[in-house]
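# Descriptive analysis of the structure
Listed below, chain by chain, are the residues.
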Number of protein chains: 2
Amino acid sequence: MRELGSSQPTAVELEILRILWDLGPSTVREVHLRLCEGKETNYSTTVKMLAVMLGKELVKRDDSVRPLVYRAAMTRDRAAKTFLSDLIEKIYDGSAMTLALQALAKGKASKEEIEEARRLLDEMEDKQ
Amino acid sequence: MRELGSSQPTAVELEILRILWDLGPSTVREVHLRLCEGKETNYSTTVKMLAVMLGKELVKRDDSVRPLVYRAAMTRDRAAKTFLSDLIEKIYDGSAMTLALQALAKGKASKEEIEEARRLLDEMEDKQ
DNA sequence: TTGCAATAGAGAAGCCTTTCGCTACAATGC
DNA sequence: GCATTGTAGCGAAAGGCTTCTCTATTGCAA
């Protein structure tokens, strides 16, 4: 059931990953401060979560500096791709397009993004 | 953290939902047989899972027939929308388009689907 | 160097999910 | 009617996630 690094992140883990994506490489303290904006939590809990995530290879750590610096083990886009594939597989049995349409229908996109999407569609058509 | 019916399904729960979407309203036995194709599991476990899911309102049950018949409490598309929003929120902080592009990039779509996507893009552009 | 505050880690408790074993009930065939 | 098979439910065990408390270590400043 696990397949990302070695594990799919849980809810809190994902929250921490997002913080690392936003902030870039960060100390426990920095992650913790952000985490606390959303919800009360203990500093030690953040330490532990990062330790657990290190074990699962969801994050990497630079031991050469003090305080230790953590960073996400994979990029946001890479994670999105993984979760998306997972979702597509689980819900639609592999039909990416169905899901893409749902996402498109959610609306709100810049002109550039719309153009980018059109380009992709053209490419797909050519390939057929 | 829960917000679908009253709960987000876990991995096994989702697997069962998918079976119900594929099969339509089904008895425990029918669900169980399908579930077993993928992995060894006890009949009692399936019964329990469905009971738990009934409690979470992920499935509904027709008590008027024997054996009891279960069906998914929400449609596949409805579920996809919910999970997708969740994913978008969690990974991209609300940018649906970024995710849609990822899904599109996964490729494999029929001419009809591509046309449908183009229509959506046109609509979105008009709205701006 | 000594003391203080911040940082790091270990271990265990609490909760939820998933699984199982046991028991009871319903339906079917003899 | 009675035995056999399939169906339903309960309670608890196993395992994982998340959190805590307590302890050790580090870095800085007086």
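All figures in this text were calculated on a predicted structure; none of them were measured in a lab.

Reading guide: rules and limits
In this convention, every chain numbers its residues from 1, walking through the sequence in written order. All chains are assigned letters beginning with A, and all ligands numbers beginning with 1, in the order in which they are written. Given that this is a predicted model, residues contribute local features only at a pLDDT of at least 70 and side-chain atom pairs are listed and counted only at 80 or more, while totals for whole chains, interfaces and linings are drawn from all residues. The side-chain figures draw on all heavy atoms in the structure; neither hydrogens nor water molecules are used. Least-squares fitting of one copy onto the other uses the C-alpha atoms of those residues that reach a pLDDT of at least 70 in both copies. Each residue is tested against the molecule or strand, and it is near if at least one of its non-hydrogen atoms lies within 4 Å. Contacts described as polar in this section are N or O atom pairs within 3.5 Å, which, within protein, must combine one atom able to donate a hydrogen with one able to accept it, while residues neighboring in sequence count only if both atoms come from side chains. The helix count covers DSSP runs of H or I at least four residues long, the strand count covers runs of E at least two residues long, and both are numbered beginning at the N terminus. Take the residue count of a helix, subtract one, and multiply by 1.5 Å to get its expected span. The buried label goes to any residue with under 20% of its type's maximum accessible area, the exposed label to any with over 50%, and the partly exposed label to all in between, with areas taken from a 1.4 Å probe on protein chains only. Our arc is simply the arc of the directions from the helix axis toward the C-beta atoms.

A word on the relation of the copies chain A and chain B. Mapping chain A onto chain B calls for a rotation angle of 180° and an axial translation of 0.1 Å; the resulting RMSD is 0.2 Å. Between the two chains, the operation in question is that of a two-fold axis. For chain A, the smallest separation between a C-alpha atom and the rotation axis is recorded for A:Ala100, amounting to 2.5 Å.

This brings us to the protein's contact with DNA strand D. Around DNA strand D there are 24 residues in total, and A:Thr10, A:Asn42, A:Thr45, B:Arg29 and B:Leu68 lie nearest to it. Between DNA strand D and the protein, one listed contact pairs a phosphate oxygen with a backbone N or O atom of A:Asn42 at 3.1 Å. Between DNA strand D and the protein, one listed contact pairs a phosphate oxygen with a side-chain N or O atom of A:Thr45 at 2.7 Å. Of all elements in the fold, only α1 (11-23) and α3 (43-55) of chain A together with α2 (28-38) and α3 (43-55) of chain B reach the threshold of two or more residues within the surface near DNA strand D.

With that settled, the discussion passes to α3(B). Residue and element names in this part refer to chain B. For α3, spanning 13 residues, the distance from its first C-alpha to its last is 19 Å, which sits close to the expected 18 Å at 1.5 Å a residue. Within α3, burial applies to Thr46, Met49, Leu50 and Met53. Viewed along the axis of α3, the buried residues span an arc of 95°, placing them on a single side of the element. Residues of α3 that are exposed and point over 90 degrees away from its buried face: Lys48 and Gly55. Positive backbone phi, approximately 60°, marks Glu57, located one or two places after α3.

By themselves, these observations are geometric and do not establish any function.
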